[in-house]
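# Remarks on the overall topology
What follows is each chain in one-letter form.
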Amino acid sequence: MKWRRKEEPAPPMEEPAVPDTGWATTSMSTGAMANWTAVVRWSAWGLLLTGPLLGGLALASTAQPVAVPTRAEAPRAQPASSDAVAPAGFAELYVAAYVKAGDSDADAQELAAYYPAARSMSWSAEGGAERAESASAVQVRQIEGGYWSVTVAARITGSSKGTKSGSVRYFQVPVRATGGRGTSGWTAAALPAEVAAPTGSKGAAPELSYGAGHAPLDSDPAVQTVRGFLAAYLTGGGELDRYLSPGTTLHAVRPAPYTAVTVTQIADHGQGPAEGAEKQTPPDGVQRQLLVDVEGDGKHTGGRPMTYAIELRARDGRWEVAALEAAPALATSPNSSDS
């Protein structure tokens, strides 16, 4: 009999000891691990997709509202200003071309420069029968942005029936700017319309704020200054600067339009100097505002009347020209109030 050694069951294998780190450990099955991995993956995708949306919402909640530009309103009709100078001048030239236009191609081309539709128009009258001896804008109204109505007064000479040669007639002209904001030109929107004289175009002469005029006194030093100044200014006789107050800049008229200038009358602003004061030496800084009537004589003109408003200032015992005023001073109306 052979003896066989009884095989004892192998002892169970011990799992390696896990070092104690102080953190509790739990075991997880393979299925649980897979589920956990899926949750983590989907959570990451969710954050990736919703991140921009959440960022946009946060930005919108803190950003300031953005102003949205609105369509600009058309300018309302308003009184004419310095911007109306150009359309007024255009209207004057247009009326002058219109008055003398006739059935010739040359007249049509000239008129078309102002009103393009004139190229296709026919005229029964002969050109040149009437002419605008002078034309001047007397009223300008802005209808809307870039669009004006200009009333032009023209002195017409010629043989038109029912009208007196040399009479003043009025034409209303619609003028439109071309070229957008950076206006590059002007064009007429229609032919001129002859109209009645604008109301209020004529009126009484305004009252000026000067005393009674009197003949210039040779003994008045101010008269001597005024005479010398006007001679240098209008005839080229003498040096102009010697009559000017320091800081005043004026230039003589060139070419000189007159050969002689005569002062015919002088009036002082307001009450004027006391009687006899004009013969005395004025203290420094004293001013006089004078309204001076003169007559100019030239090669082709004799005794042409003119009026100048001149401000004088005293310095070193003599009068000097401080300013050649743009217009005489008007009298204050009893109904007006100082602003």
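Report follows, based on the coordinates. Nothing here was measured: the structure is a model prediction, and the numbers come from that model.

If you walk through the whole model with that rule in mind, you get 10 salt bridges. Residues Glu-110 and Lys-100 are paired through a salt bridge, measuring 2.8 Å at the closest nitrogen-oxygen approach. Of this pair, Glu-110 sits in helix H3 (residues 105–112) while Lys-100 is found in helix H2 (residues 85–100), placing the two residues 10 residues apart along the sequence. On the accessibility criterion, Glu-110 (34% relative accessible area) is partly exposed. Asp-316 is the salt-bridge partner of Arg-315, the closest N and O atoms lying 3.4 Å from each other.

Right, let's get into the pairing of strand S2 (residues 130–144). In terms of strand pairing, S2 meets strand S3 (residues 147–158) through 12 bridges, oriented antiparallel. Residue pairing across strands places Glu-130 opposite Gly-158, the latter belonging to S3. Taking the residues that link successive antiparallel strands as the turn, the S2-S3 hairpin has 2 residues, and the phi of Gly-146 there is positive, at about 75°.

Attention shifts here to the sheet that holds strand S9 (residues 304–315). Taken in spatial order, the 4 strands of this open sheet run S7-S8-S9-S10, and their pairing is antiparallel. Unpaired on one side and paired on the other, strand S7 (260–268) and strand S10 (318–324) mark the two borders of the sheet. Direction aside, neighbouring strands of the sheet carry axes that sit 40° apart on average. Sheet strands in contact with helix H4 (residues 221–234) are S7, strand S8 (287–297), S9 and S10, and its direction is about 125° off that of S9.

What follows is about H2. For H2, which comprises 16 residues, the first-to-last C-alpha distance of 24 Å matches the rise-based estimate of 22 Å (1.5 Å per residue) to within 8%. Taken together, the buried positions of H2 are occupied by Pro-87, Ala-88, Phe-90, Ala-91, Tyr-94, Val-95, Ala-97, Val-99 and Lys-100. Those residues of H2 hidden inside the fold are in contact with H3, S2, S3, strand S4 (167–178) and strand S5 (185–188).

As a further point, take H4. Counted at 1.5 Å a residue, the expected span for H4 with its 14 residues is 20 Å, and the 20 Å between its end C-alpha atoms agrees. Of all 14 residues in H4, 10 are buried; the element is thus mostly enclosed. Taken residue by residue, H4 has Ala-222, Val-223, Thr-225, Val-226, Gly-228, Phe-229, Leu-230, Ala-232, Tyr-233 and Leu-234 as its buried positions. Buried residues along H4 sit against S7, S8, S9 and S10. One side-chain oxygen of the residue at the start of H4 lies 3.0 Å from the amide nitrogen of Ala-222, identifying that residue as Asp-220. Two residues or fewer after H4 comes Gly-236, characterised by a positive phi angle close to 75°.

Another point: the nonpolar core. In terms of nonpolar packing, the biggest core is built from 26 residues, with Val-226, Phe-229, Leu-230, Val-292, Tyr-308, Ile-310 and Leu-312 touching the most fellow members. Elements with a contribution of two residues or more to this core: H4, S7, S8, S9 and S10. Per element, the largest residue contribution to this core is 8 residues, and it comes from H4. Residues in contact with Val-226, not counting those within four places in the same chain, are Val-263, Leu-290, Val-292, Ile-310 and Leu-312. Judged by nonpolar contacts, the second largest core, of 24 residues, contains Ala-88, Ala-91, Ala-101 and Ala-177.

What counts and how
Residues numbered from 1 in each chain as written. Predicted model: local features only at pLDDT ≥ 70, side-chain atom pairs only at ≥ 80, totals over all residues. Heavy atoms only, no water. Salt bridge = Lys/Arg side-chain N within 4 Å of Asp/Glu carboxyl O. Helix = DSSP H or I, 4+ residues; strand = E, 2+ residues; numbered from the N terminus. Buried < 20%, exposed > 50% of the residue type's maximum accessible area, 1.4 Å probe, protein only. Pairing = 2+ DSSP bridges. Axes fitted to C-alpha atoms, helices over the stretch in contact; angles between N-to-C directions. Contact = heavy atoms within 4.5 Å. Expected span 1.5 Å × (residues − 1). Polar contact = N/O pair within 3.5 Å; in protein donor to acceptor, adjacent residues only side chain to side chain. Core = buried A, V, L, I, M, F, W, Y, C linked by side-chain atoms within 4.5 Å.

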